[in-house]
Amino acid sequence: VQLVESGGGLVQPGGSLRLSCATSGFTFSRYAMSWYRQAPGKERELVADITGAGGITNYADSVKGRFTISRDNAKNTVYLQMNSLLPEDTAVYYCSARRLKRVDYWGQGTQVTVSS
């Protein structure tokens with residue numbers, strides 16, 4: 001099983017980034033996919049998640065209206081479009097896969113830094 005995030009980097013406040021998480025080794029469409037983030041000295045927090053078919057999404061209050069999670073089941077890939085980025089969005093972003101409530105698989109993370 002592999003989950004490989006990409007698309008992180010340094011961006012100015014107000015800018016945008018699109019994260020991707022390419023997966024393999026499991027039946028992607030049967031898993032809900034999530035993006036988490038962890039800032040230095042803070043606990044890992046759920047940012048957004050999406051059901052297997054992509055019909056239901058949920059967002060943390062802190063990113064609602066700015067971030068959009070989506071998935072392409074033909075490409076086994078989940079995305080996180082991040083707009084209007086703030087310095088407090090700086091963190092390592094992880095994608096994850098779960099069948100039920102517990103996360104089954106994690107990616108290695110990608111750094112997002114929002115700074116002028």
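Residues numbered from 1 in each chain as written. Predicted model: local features only at pLDDT ≥ 70, side-chain atom pairs only at ≥ 80, totals over all residues. Heavy atoms only, no water.

Details of the overall build of the protein chain
So the rule is basically this: Helix and strand assignments follow DSSP, with helices taken as H or I runs no shorter than four residues and strands as E runs no shorter than two, numbered in order from the N terminus. The quantity called the radius of gyration is restricted to C-alpha atoms. Its globule counterpart is 2.2 Å times the number of residues to the power 0.38. Here the term buried applies to any residue with accessible area under 20% of the maximum for its type, exposed to any over 50%, and partly exposed to those in between, with areas from a 1.4 Å probe on protein chains only. Contacts are residue-level and defined by heavy atoms, with any inter-residue pair within 4.5 Å sufficient.
Helix and strand content of the protein chain: 0 helices and 11 strands. For the protein chain, the N- to C-terminal ordering of α and β elements is β-β-β-β-β-β-β-β-β-β-β. For 116 residues, the compact-globule formula gives about 13 Å, and the C-alpha radius of gyration of the protein chain, at 13 Å, lands near that figure. Summarising its shape, the C-alpha atoms of the protein chain cover approximately 40 × 25 × 25 Å along the three principal directions. For the protein chain, the residues scored as buried account for 42% of the 116 residues in total. At a minimum sequence separation of 6, the contacts of the protein chain that also span at least 24 residues come to 53%.

Notes on the pairing of strand β9 (residues 91–98)
The cut-off we apply is this: Two strands form a pair only when DSSP identifies at least two bridges running between them.
The element β9 is extensively covered by neighbouring structure, given that 6 of its 8 residues are classed as buried. Note that strand β4 (residues 32–38) and β9 share 7 bridges and pair antiparallel. Residue pairing across strands places Arg 37 opposite Tyr 93, the latter belonging to β9. Of the strand pairs in this sheet, β9 and strand β11 (residues 110–114) are connected by 3 bridges, and their pairing is antiparallel. Across the sheet, the residue bridging to Val 92 is Gln 111, located in β11. Here β9 runs beside strand β10 (residues 105–106); their pairing, made up of 2 bridges, is antiparallel. The residue bridging Ala 97 from the neighbouring strand is Tyr 105, located in β10. From the end of β9 to the start of β10, which pair antiparallel, there are 6 residues.

Notes on unusual backbone geometry
At Asn 76, a position not held by glycine, the phi torsion is positive, near 55°. Relative to the elements of secondary structure, Asn 76 occurs in the loop between β7 (67–72) and β8 (77–82). According to the relative accessible area criterion, Asn 76 is partly exposed, its value standing at 28%. Look at Ser 84: it is not a glycine, yet its phi comes out positive at around 50°. In this fold, Ser 84 is placed in the loop between β8 and β9. Judged by relative accessible area, which is 39%, Ser 84 ranks as partly exposed.

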